[in-house]
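Here is how the chains run, residue by residue.
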Amino acid sequence: TMLPASEPVPAPINPQTVMQNPRSLAVVKAKDEGNKLYGAGKYAQAIQMYTTAAEITMSRPPWEAANLIKDELAMVLSNRSAAHAITNDWVSALVDADAVVQIKRPWSKGHFRKAKALQGLGKYEDAKVALSLGLSFEPAN
């Protein structure tokens, strides 16, 4: 039905507002808190916050946007990989980085995180391959 001419046209819905559901806000809050802790050198607590953010992301119902889940999960796992790397937990760093690459293959940051973890494990040739693959997706990065 059409609105009578005397009534104002309602404002369009802002897509950002739709995306800011409580779960998305919780993921962002946990990730941001993890980033603050990481910046303060509190890596174990940062890892806990990134894990919380990942768990919130994975608790999304299956009908929510798969791309949103992939983007959120790739971001928090990438951050958690960096926190593991800075504590020299190279195996955990590699596990998270490899998951990032599987989730979001064309994102060079995941490949960089994987290369860093492989380097930490002394697997220099594998690290070189990971970097080359990452650069093939974003040559200017």
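Remember, it's a predicted structure, so these values are computed and weren't measured experimentally. (Residues numbered from 1 in each chain as written. Predicted model: local features only at pLDDT ≥ 70, side-chain atom pairs only at ≥ 80, totals over all residues. Heavy atoms only, no water.)

## Description of unusual backbone geometry
The bulk of non-glycine residues show a negative phi, and the bulk of peptide bonds are trans. To be explicit about the condition: Helix and strand labels come from DSSP, where a helix needs a run of H or I of at least four residues and a strand needs a run of E of at least two; each type is numbered from the N terminus. Relative accessibility decides the category of a residue: with a 1.4 Å probe and only protein chains considered, values under 20% of the type maximum give buried, values over 50% give exposed, and everything between is partly exposed.
In this structure, Asn-88 takes a positive phi of about 65° despite not being glycine. Summarising the element assignment, Asn-88 is placed in the loop between helix 4 (66–86) and helix 5 (90–103). The class of Asn-88 is exposed, set by a relative accessible area of 54%.

## Examining helix 2 (residues 22–39)
Definition in use: Given a helix with a known number of residues, its expected span is that number minus one, times 1.5 Å. Comment: arc refers to directions from the helix axis out to C-beta atoms.
Relative to the 26 Å expected for 18 residues at 1.5 Å per residue, helix 2 spans 25 Å between its end C-alpha atoms, a close match to the ideal helical length. Those residues of helix 2 that fall on the buried side of the exposure criterion are Ser-24, Val-27, Ala-30, Lys-31, Gly-34 and Leu-37. For helix 2, the angular spread of the buried residues around the axis is 160°, confining them to a single face. For helix 2, the exposed residues set more than 90 degrees away from the buried face come down to Pro-22, Lys-29, Lys-36 and Gly-39. In the segment just after helix 2, Gly-41 is the residue with positive phi, at about 80°.

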